[in-house]
Amino acid sequence: FRKTSHKDQKGNPIVKQQLLEPFVVPNFSGFAVATFQPGQNIMPPHSHKSMHEFFYVIEGTGVFQKNGVDHNVAPGSFLHFAPHEKHAMWVPQDSKDGELKLIMCGVTVGDEK
């Protein structure tokens with residue numbers, strides 16, 4: 001397990017278990033399990049020029065925002081964000097479900113990551 005380049009708005013890193021390093025396989029952004037603690041987020045909403053991102057929730061609950069619309073997620077939720085789709089994610093501070101654990105990966109198309 002290690003800290004990642006993603007940090008919440010307070011500067012706390014999101015912990016990630018990196019199972020496949022980014023771009024070891026061409027165009028594949030790696031495969032990881034990320035853990036968000038209550039109160040952690042990736043904000044403000046952002047997008048990627050050429051990456052499709054995929055998230056599968058395995059534990060806990062949280063909120064994902066896609067193009068300004070909030071979606072509550074729970075175990076079994078699967079999300080796909082296409083290039084240029086603005087997205088963000090967070091676990092409410094008062095979450096009774098504890099941490100949010102999710103599988104994440106992505107695939108790039110074209111020349112830009």
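Here we summarise the structure given alongside this text. (Residues numbered from 1 in each chain as written. Predicted model: local features only at pLDDT ≥ 70, side-chain atom pairs only at ≥ 80, totals over all residues. Heavy atoms only, no water.)

Comments concerning a nonpolar patch on the surface
Move 1: A surface patch of nonpolar side chains, about 300 Å² in accessible area, is lined by Tyr 56, Ile 58 and Phe 78.
Move 2: Mapping Tyr 56 onto the fold places it in strand 5 (residues 51–59). (Patch = residues over 30% accessible without salt bridge, like charges linked within 9 Å, V, L, I, M, F, W, Y side chains within 5 Å. Areas by Shrake-Rupley, 256 points an atom, 1.4 Å probe, with all protein chains shown as cover. Salt bridge = Lys/Arg side-chain N within 4 Å of Asp/Glu carboxyl O. Helix = DSSP H or I, 4+ residues; strand = E, 2+ residues; numbered from the N terminus.)

A closer look at unusual backbone geometry
Move 1: Along the chain, Met 43 connects to Pro 44 via a cis peptide bond; the corresponding omega equals -5°.
Move 2: As for its position among the elements, Pro 44 is in strand 4 (residues 41–46).
Move 3: Positive phi, normally seen in glycine, also occurs at Phe 23, with a value near 65°.
Move 4: Not every positive phi belongs to a glycine, and His 84 is a case in point at roughly 75°.
Move 5: Inspection of the secondary structure assignment puts His 84 in the loop between strand 8 (78–81) and strand 9 (87–90).

Here's the deal with the sheet that holds strand 7 (residues 69–73)
Move 1: Strand order across the open sheet formed by 4 strands is 4-9-6-7, with antiparallel pairing between neighbours. In the strand order of this sheet, the two ends are held by strand 4 and strand 7, each with one partner. Strand-to-strand twist across the sheet, computed as the mean angle between neighbouring axes with direction ignored, equals 20°. (Pairing = 2+ DSSP bridges. Axes fitted to C-alpha atoms, helices over the stretch in contact; angles between N-to-C directions.)

Some thoughts on the pairing of strand 10 (residues 100–108)
Move 1: Inspection of the sheet shows strand 3 (residues 28–36) paired to strand 10 by 7 bridges, in the antiparallel sense. Note that in strand 10 the partner of Phe 36 across the bridge is Leu 100.
Move 2: Judged from the 8 bridges that link them, strand 5 and strand 10 form a sheet pairing that is antiparallel. If you follow His 52 over to strand 10, its bridge partner there is Val 107.

Quick look at the side chain of Glu 85
Move 1: Within the secondary structure layout, Glu 85 lies in the loop between strand 8 and strand 9.
Move 2: Polar contacts involving the side chain of Glu 85 include one to the main-chain amide nitrogen of Ala 82, which spans 2.7 Å.
Move 3: Among all residues touching Glu 85, those that are not within four sequence positions of it are His 46, Ser 47, Lys 66, Asn 67 and His 80. (Polar contact = N/O pair within 3.5 Å; in protein donor to acceptor, adjacent residues only side chain to side chain. Contact = heavy atoms within 4.5 Å.)

Description of the nonpolar core
Move 1: One finds Phe 36, Phe 55, Phe 64, Leu 100 and Leu 102 to be the most contacted residues of the largest nonpolar core, which totals 16 residues.
Move 2: Among the secondary structure elements, those contributing two or more residues to this core are strand 3, strand 5, strand 8 and strand 10.
Move 3: Filtering out sequence-adjacent residues up to four positions away, Phe 64 remains in contact with Phe 55, Val 69, Asp 70, His 71, Val 73, Leu 79, Phe 81, Ala 88, Met 89, Leu 100 and Leu 102. (Core = buried A, V, L, I, M, F, W, Y, C linked by side-chain atoms within 4.5 Å. Buried < 20%, exposed > 50% of the residue type's maximum accessible area, 1.4 Å probe, protein only.)

Some thoughts on empty space enclosed by the protein
Move 1: Enumeration according to the criterion identifies 1 cavity of 30 Å³ or more in this entry.
Move 2: Here the largest cavity defines a volume of roughly 40 Å³.
Move 3: Residue lining of the largest cavity: His 6, Ile 14, Lys 16, Ala 34, Phe 36, Ile 42, Phe 55, Met 89, Leu 102 and Met 104, and that is the complete set.
Move 4: For the lining of the largest cavity, the secondary-structure elements that each account for two or more residues are strand 2 (13–20), strand 3 and strand 10.
Move 5: Class assignment for the residues of the lining of the largest cavity results in 8 nonpolar, 1 polar and 1 charged. (1 Å grid on protein atoms, 1.4 Å probe; cavity = no way out; pocket = protein on both sides within 12 Å on 5 of 7 lines; lining within 4 Å. Points joined across faces, edges and corners; volume = space filled by probe spheres on them. Nonpolar A, V, L, I, M, F, W, Y, C, P; charged D, E, K, R; others polar.)

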